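Each chain is listed here by its residues.
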Amino acid sequence: MSTQLTPFQRLSEARKTFFQEGNLPTGLIDEAILSSWKRCIDHHKSVTERVVYESLPRSSFKELINVNRKLTEAANEPLEQLHRTVSGAGYALLLTDHIGHALNTYQASSHSDKLIKQAFRPGVNLSEQYIGTSAMSCALTEGRPITVSGPEHYFSVNQRLNCAAAPIIAPNGQIIGSIDITREYSLAPGSALALVTHCARAIEGRLLTQLAPYLILQLSWQQQEPATCDMLIALGPEGEILGMTPKVREVAGLSVGCGPANIQELFDLRFGDLVDASRGRRSPLLGQIHSGLSFALYPSLYKKPSLIEGTAQSNSPRTEPISKTLLPSFGDASLAERFPLALRAMNKGLPILIQGETGTGKEVMAKALHDKSNKRSGKFVAINCAAIPETLIEGELFGHTDGAYTGARRGGAPGKIEQANGGTLFLDEIGDMPLALQSRLLRVLESQEVTRLGDSTTKQLNFQLLCATHRDLNAAVARGEFRDDLLYRVKGMPLWIPPLRERSELCEFLSEQCDQVTEGRRQLTQDVLKILKDYDWPGNVRELRHALTHADVLAEDSHDLILPCYLPADIVKKSSHRTTLLNEQQLGTLKSLELEAIEEALEQASGDVNKAAKRLGIGRATFYRKLKEIRSSQ
Ligand SMILES: Nc1ncnc2c1ncn2[C@@H]1O[C@H](COP(=O)(O)OP(=O)(O)OP(=O)(O)O)[C@@H](O)[C@H]1O
C-alpha cells in the first residue's frame, strides 16, 4: 500500500537528502532556498545552532529609522491594512531594510508564537547571516516573492514556521527592503504570498509618489482604465522619467541603472500629448515600446495628498493657522517674535532677506519659513550663489535648451528658478553673486518669467523668494559690488539672526542643542554650561554642534554628563569662564588640603583643639575660624 507523504514529510525528506546524504533534492526545493542553504554551510553554520535575536542599541536603531524614513513612511498604511487582513489568521508581519533589520513589526492577534514574538521586534537583525534561510532573506537576495515552509528553513529550530516574503523595490530599481509574514507551520496549508506581493506593490506605488512627480503614467494591456495598477511611471514637468515600478522595468526589459531618461525615448509619442490627455477625457493613448509591445496609457496629473485627514485629494496649499505650527528654536526671544511677522510678509509675497554671521542658521530659518508658509506644498529649491562656478551659474539658475552649450544635458533641463515654480527659491549667499548676473536675476525677479539659455520663449512662473547673506550688502553696494536695485528687490523684509553669543535664551538653547546632538543621552554640567556661555562662537550654531558632537564622542558610553574635559580644547582655552574655573578649582584644592591638615591635627591631638592648633602653628581662634569656614563651604 503506497502511503501519501504530507507536504511537511516531503520537505523533510528533501532536507534529509541534502543535509544527511549530501545530494541535491532536485525539483523538490526552490533553487533560491538551495542557494541559501549552501551559503549558510559556506558560513560554517550548523543546522542545530541556537538562533539569537538581538536588537540594535537604541541610538543605532534611531539612525536606522532615519536612513529608512522614506520606506517606513510609504509602508505605514499598506502594512496596517495587511496586518488587519492577516493577523486573525495567526500571521505576524514585518518590514525590513535591504539587509534584513526589522524596521516595523506587527504581532498576530491570535495564535501568537513565542519564537515569532522574540524575532519580530523592531531593530532585530534577521538577515541570513543571523537567522539562516528565511523567506525574507531569500526575497532580498533573489529580488522576488517567495514562500519558505517548515523544513525549508535552515536552522532546525525554525522548522515550525511558515513564511512568505516579497522584496520592496525603489523607483530607481534598487531593492530597499522586504515585507514578511510568518506563522506557525501547524496552521498551514496555504500561504499568503499573493497578499505580501500585493502589499509590496502598493508600497512601491507610494514610493513613486514621494518623488512628487508632475504626471503619473499608468500602463495597461486593457483598453480600459485599470482599477489598480502595478505598472506606473513617475514623470517630471518635461517628461523626464523620475522613476518606475519594477513591473514596468520587467515588461520593457530595462535593467537597473540604465534606461531612457525621457518618456519620449521609451514610447513613440510626444510628452505634450500625455499632458493633454491628462487634462481631457479618459480615453487612453496607445504607446508602443521598442520591443513592439503596445500599452494603453492613462496619464494623470499628480496631486499631493490633502493634509486634512479623510478628505479628498487636493492641490491647494495648506491653511492651518500659524499659531498651531511648531517654530524652530533659535534661543532668542526677539527672533521668535519677528518670525510670525516675517511669515506674514512672506505669505503676502514679500521677499525676505535673512542676514546673520556664518553658521547662525540662515538656511534653517529659510526652510522653517517655507515649511510654514502658503508655498509649503511646493518645492524648497536652495541655491548657493557662492558655491557654483561663474561659468555654470547661468545654466544652473535659468536652465538651458538642447545643445545650448558644450556639455549641456540632452533634451535640455530646467534651471533652479523654474524648479521652484509653485514653491520657494532660496538664494543663499546672494552677496556673492557675480555682478554680471545680478541684472539678469533682477529681470527674472521683476517679471517672474524665465528664459532658458539657448531659448527664445519665456515661461511664466510663480515662486516665493528668500535670500540670505552673511555680508553687509549696504557696504557691498557702496563698493559697487552689489546692485542697489537688486538689494531693494530682495530686501522686502529683512530678518536678522543674532550671533549665538548674543541670544537672549542662550542657556536653554545650549541645553536643547545638547539634547538634539546627543539624542537625549547626555546633559551639560554647570561648568560646561558656563564655558559654553562665555565662549565667543565665531562659527555660531555650526561650531556649537561640532563641539557637542566632539564631546559626545569622547564621553563614549561611560557618562551621561558632558564634562569640561570632553569639549574641544581650544573652546575651553578661549572661554573667559576658564580662568574663573581654574581659580575655583585651585581654591577648592587648597581648601581641601587645609581641611585635611586640620582634621589630621585634631585626630592626632585626640580632639584637643589647643593641642591641634599648636601642632599646626596657628592660634586657637584662627583654628576655629578656618574649621568653620571650610566646613560651611562644603
Ligand atoms: N536653530 C537651529 N536648530 C538646530 N540646528 C541649527 C539651528 N541653527 C543652525 N543649525 C545647524 O547649524 C548648522 C549651520 O546652519 P545653517 O547652514 O542654516 O547656517 P547658515 O547661517 O546658513 O550658515 P552659512 O552662512 O555658513 O551658510 C547646520 O548644521 C544647522 O543644521
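Note that the structure is a prediction, hence the values are computed from the model and not measured.

The secondary structure content of the chain amounts to 25 helices and 21 strands. Each of the 634 residues in the chain was classed as buried or not, and the buried ones make up 45%. Sequence separation of at least 24 residues holds for 64% of the intrachain contacts in the chain that already meet a minimum separation of 6. Looking at the chain as shown, the accessible area adds up to about 32,500 Å², and 51% of this sits on carbon and sulfur atoms.

So, on to the side chain of Ser 278. Topologically, Ser 278 is positioned in helix H11 (residues 271–279). By relative accessible area, which is 13% here, Ser 278 ends up buried. Polar side-chain contacts of Ser 278 include one of 2.5 Å to the backbone oxygen of Val 275.

Taken together, five strands build an open sheet; the order of strands is S2-S1-S5-S4-S3 and the sheet is antiparallel. Strand pairing shows two members of the sheet lacking a second neighbour, strand S2 (102–106) and strand S3 (146–149), which therefore form its edges. Within the sheet, the average angular offset between the axes of one strand and its neighbour, ignoring direction, is 20°. With four bridges joining them, strand S1 (residues 92–97) and S2 adopt antiparallel strand pairing. When the bridges of S2 are listed, Leu 93 appears paired with Tyr 106. On the sheet, helix H7 (residues 135–142) packs against S1, S3, strand S4 (161–169) and strand S5 (175–184) and is oriented at approximately 30° with respect to S4.

This part takes up the site of the ligand. Taken together, 18 residues sit near the ligand, with Ser 329, Thr 358, Gly 359, Lys 362 and Arg 542 positioned nearest. Note that a nitrogen atom of the ligand is positioned 2.8 Å from one of the backbone N or O atoms of Ser 329. Gln 513 places a polar side-chain atom, nitrogen or oxygen, 3.5 Å from a nitrogen atom of the ligand. Its free accessible area being 620 Å², the ligand has 79% of it covered by the protein chains. At the level of elements, helix H13 (362–372), helix H19 (506–517) and helix H21 (540–555) are the ones that each hand at least two residues to the shell around the ligand. Considered class by class, the residues forming the shell around the ligand number four nonpolar, seven polar and seven charged. Inspection of the shell around the ligand shows a minimum of three residues originating in each of domain 3 (347–496) and domain 4 (501–575).

Looking now at a negative patch on the surface. Together, Glu 505, Glu 508, Glu 512 and Asp 515 give the surface a local cluster of negative charge. Within the secondary structure, Glu 512 sits in helix H19. The exposure class of Glu 512 is partly exposed, given its relative accessible area of 32%.

Let us look at the nonpolar core. Grouped together as the largest cluster of nonpolar side chains are 33 residues, with contacts concentrated most on Ile 29, Ile 33, Trp 37, Tyr 53, Leu 126 and Ile 146. Apart from residues no more than four positions distant in its own chain, Ile 146 is found in contact with Asp 30, Ala 32, Ile 33, Ala 135, Cys 138, Ala 139, Cys 163, Ala 164, Ala 165 and Leu 193.

Within this structure, the stated rule accounts for 16 salt bridges. Here Asp 273 makes a salt bridge to Arg 270, at a shortest N to O gap of 3.4 Å. For Arg 521, the salt bridge goes to Asp 552, with nearest N and O atoms at 3.2 Å. With a gap of 31 residues between them, Arg 521 in the loop between H19 and strand S20 (523–524) and Asp 552 in helix H21 connect regions that are remote in the sequence. On the accessibility criterion, Arg 521 (32% relative accessible area) is partly exposed.

Our next topic: the sheet that holds strand S11 (residues 352–355). The strand order across the open sheet formed by five strands is S12-S15-S18-S11-S19, and the pairing between neighbours is parallel. Since the sheet does not close on itself, it has two edges, and those belong to strand S12 (380–384) and strand S19 (493–496), each with one partner. Looking at each pair of strands side by side, their axes are set apart by 20° on average, direction ignored. Here strand S15 (residues 424–428) pairs with strand S18 (residues 464–469) via four bridges, running parallel.

Our next topic: the packing of H19 against helix H20 (residues 526–534). To describe two helices that pack against each other, one gives the angle between their axes and the distance between the axes. Running from N to C, H19 and H20 cross one another at 115°; their axes reach a closest spacing of 10 Å. Between H19 and H20, the interaxial angle falls into the category roughly perpendicular. Pair H19 / H20 crosses with right-handed handedness. Within the contact between the two elements, H19 uses Leu 506, Cys 507, Leu 510 and Ser 511 and H20 uses Leu 529, Leu 532 and Lys 533. Grouping the amino acids of the contact of H19 with H20 by side-chain chemistry returns five nonpolar, one polar and one charged.

Moving on, we get to helix H2 (residues 31–42). At 3.6 residues per turn, the α-helix brings residues three or four places apart onto the same side. End to end, H2 covers 16 Å across twelve residues, agreeing with the expected 16 Å (1.5 Å per residue, within 8%). Restricting attention to buried positions, one finds in H2 the residues Ala 32, Ile 33, Leu 34, Ser 36, Trp 37 and Cys 40. Tucked inside the fold, the buried residues of H2 contact helix H1 (7–19), helix H6 (128–131), H7 and S3.

Moving on: the pairing of strand S10 (residues 294–301). As judged from the six bridges shared by strand S6 (residues 215–220) and S10, these two strands associate in the antiparallel manner. Each residue of the ladder has a partner; that of Ser 220, found in S10, is Ala 296. Hairpin remark: strand S9 (residues 285–288) followed by S10, antiparallel, with five residues in the connecting loop; positive phi at Gly 292, about 100°.

Here Asp 113 shows up in the loop between S2 and helix H5 (114–119). On a C-alpha basis, the gap between Asp 113 and Glu 184 in space is 7.0 Å, while along the polypeptide they are 71 residues apart. Leave out the neighbours within four places in its chain, and Asp 113 touches Arg 160, Leu 161 and Glu 184.

This next bit is on unusual backbone geometry. Even without being a glycine, His 44 presents a positive backbone phi close to 55°. Positionally, His 44 belongs in the loop between H2 and helix H3 (58–67).

With a probe scaled to a water molecule rolled over the atoms, the places where space remains empty come into view. Tallying each qualifying case throughout the model produces two cavities of 30 Å³ or more. The space that makes up the largest cavity amounts to roughly 160 Å³. Along the walls of the largest cavity sit 16 residues, with Phe 120, Ile 131, Ser 134, Leu 161 and Thr 182 positioned nearest its centre. Among the secondary structure elements, those contributing two or more residues to the lining of the largest cavity are H5, S4 and S5. Residues belonging to the lining of the largest cavity are distributed by class as follows: eleven nonpolar, four polar and one charged.

Per-chain confidence: the chain averages 83 in pLDDT, with 86% of residues scoring 70 or above. Every residue in residues 304–326 is under pLDDT 50, and counting partners more than four places away or in other chains gives 25 contacts. Across residues 578–587, confidence stays below pLDDT 50; counting only partners more than four residues off in sequence or on other chains, it has four contacts.

Cut-offs and rules
Residues numbered from 1 in each chain as written. Predicted model: local features only at pLDDT ≥ 70, side-chain atom pairs only at ≥ 80, totals over all residues. Heavy atoms only, no water. Helix = DSSP H or I, 4+ residues; strand = E, 2+ residues; numbered from the N terminus. Buried < 20%, exposed > 50% of the residue type's maximum accessible area, 1.4 Å probe, protein only. Contact = heavy atoms within 4.5 Å. Areas by Shrake-Rupley, 256 points an atom, 1.4 Å probe, with all protein chains shown as cover. Polar contact = N/O pair within 3.5 Å; in protein donor to acceptor, adjacent residues only side chain to side chain. Pairing = 2+ DSSP bridges. Axes fitted to C-alpha atoms, helices over the stretch in contact; angles between N-to-C directions. Near = heavy atom within 4 Å. Nonpolar A, V, L, I, M, F, W, Y, C, P; charged D, E, K, R; others polar. Domains from an automatic or database assignment. Patch = residues over 30% accessible without salt bridge, like charges linked within 9 Å, V, L, I, M, F, W, Y side chains within 5 Å. Salt bridge = Lys/Arg side-chain N within 4 Å of Asp/Glu carboxyl O. Lys, Arg positive; Asp, Glu negative; His and termini not counted. Charge placed at Lys NZ, Arg CZ, Asp CG, Glu CD. Core = buried A, V, L, I, M, F, W, Y, C linked by side-chain atoms within 4.5 Å. Parallel < 35°, antiparallel > 145°, perpendicular 65-115°, else oblique. Left-handed = near helix turned anticlockwise from the far one by under 90°. Expected span 1.5 Å × (residues − 1). 1 Å grid on protein atoms, 1.4 Å probe; cavity = no way out; pocket = protein on both sides within 12 Å on 5 of 7 lines; lining within 4 Å. Points joined across faces, edges and corners; volume = space filled by probe spheres on them. pLDDT = per-residue confidence, 0-100.

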